[in-house]
Amino acid sequence: MKGYRRFSVGMVMVLGALLTACGKEDVSGDAEPVLTSKLASEGRELVQTICAGCHAPDDKGALSRIAGARKSPEGWEMTVVRMMNFHGLELTTDQRRAIVKYLADIQGLAPSEAEPFRY
């Protein structure tokens, strides 16, 4: 029994250390999210210059109809393509890819979060 208890305590400590090391970065408040790729950085610039033309920023700089949305990368791709098809937005393939990467990185919806709603 002592061996089992020692093993259990050890596993709890290892899991705690892993969760601490792998914890999500706090991006609440006014903190800017850290972008790890050049593509996402380019996407941020594109969103701020192109998308802000129609999606007016509020007093905190959050773009209307974009700021509160969370979608999978595929969902963001569909949204950008819809803007192109129905609202005349003109983007190159590289620009579209960068915008989708940026939005999915900062406002993405993980597959595990969407799992309960899939059919």
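Below you will find a few notes about this structure. (Residues numbered from 1 in each chain as written. Predicted model: local features only at pLDDT ≥ 70, side-chain atom pairs only at ≥ 80, totals over all residues. Heavy atoms only, no water.)

### Comments concerning the state of the cysteines
Point 1. Taken as a whole and assessed by the stated rule, the structure comprises zero disulfides.
Point 2. Among the cysteines around Cys51, which has no disulfide bond, Cys54 carries the closest sulfur, lying 8.6 Å off.
Point 3. With relative accessibility at 73%, the residue Cys54 sits in the exposed group. (Disulfide = S-S within 2.5 Å. Buried < 20%, exposed > 50% of the residue type's maximum accessible area, 1.4 Å probe, protein only.)

### Some remarks on the layout of surface pockets
Sizing a probe to match a water molecule and rolling it over the atoms shows the empty space that remains.
Point 1. A volume near 400 Å³ is recorded for the second largest pocket.
Point 2. Together, 19 residues line the second largest pocket, and Cys51, His55, Ile66, Thr79 and Met83 are the ones closest to its centre.
Point 3. At the level of secondary structure, the elements contributing two or more residues to the lining of the second largest pocket comprise α3 (73-87) and α4 (93-107).
Point 4. Residue contributions to the lining of the second largest pocket peak at six residues, all from α3.
Point 5. When the residues that make up the lining of the second largest pocket are grouped by side-chain class, the tally is 12 nonpolar, four polar and three charged. (1 Å grid on protein atoms, 1.4 Å probe; cavity = no way out; pocket = protein on both sides within 12 Å on 5 of 7 lines; lining within 4 Å. Points joined across faces, edges and corners; volume = space filled by probe spheres on them. Helix = DSSP H or I, 4+ residues; strand = E, 2+ residues; numbered from the N terminus. Nonpolar A, V, L, I, M, F, W, Y, C, P; charged D, E, K, R; others polar.)

### So, the pattern of salt bridges
Point 1. In this structure the tally under the stated criterion is five salt bridges.
Point 2. The residue Arg70 makes a salt bridge to Glu113 at a minimum N-O spacing of 2.9 Å. Here Glu113 lies in helix α5 (residues 111-114) and Arg70 lies in the loop between α2 (38-49) and α3, a separation of 43 residues in the sequence.
Point 3. By relative accessible area, which is 45% here, Arg70 ends up partly exposed.
Point 4. For Lys101, the salt bridge goes to Asp105, with nearest N and O atoms at 3.2 Å. (Salt bridge = Lys/Arg side-chain N within 4 Å of Asp/Glu carboxyl O.)

### What about the environment of Cys51?
Point 1. Following the sequence through the fold, Cys51 ends up in the loop between α2 and α3.
Point 2. Distance in space between the C-alpha atoms of Cys51 and Ile99 is 9.5 Å, their sequence separation being 48 residues.
Point 3. For Cys51, the residues in contact, after removing those within four places along its chain, are Leu46, Leu63 and Ile66. (Contact = heavy atoms within 4.5 Å.)

### Some thoughts on α3
Point 1. Helix length check: α3, at 15 residues, gives a terminal C-alpha distance of 20 Å against a target of 21 Å (1.5 Å per residue), a fit within 8%.
Point 2. Of the residues making up α3, those classed as buried are Gly75, Trp76, Thr79 and Val80. Seen along its axis, α3 keeps its buried residues to an arc of 135°; they face one direction. Exposed positions of α3 whose direction lies more than 90 degrees from the buried face are Glu74, Met78 and Asn85. (Expected span 1.5 Å × (residues − 1). Arc of directions from axis to C-beta.)

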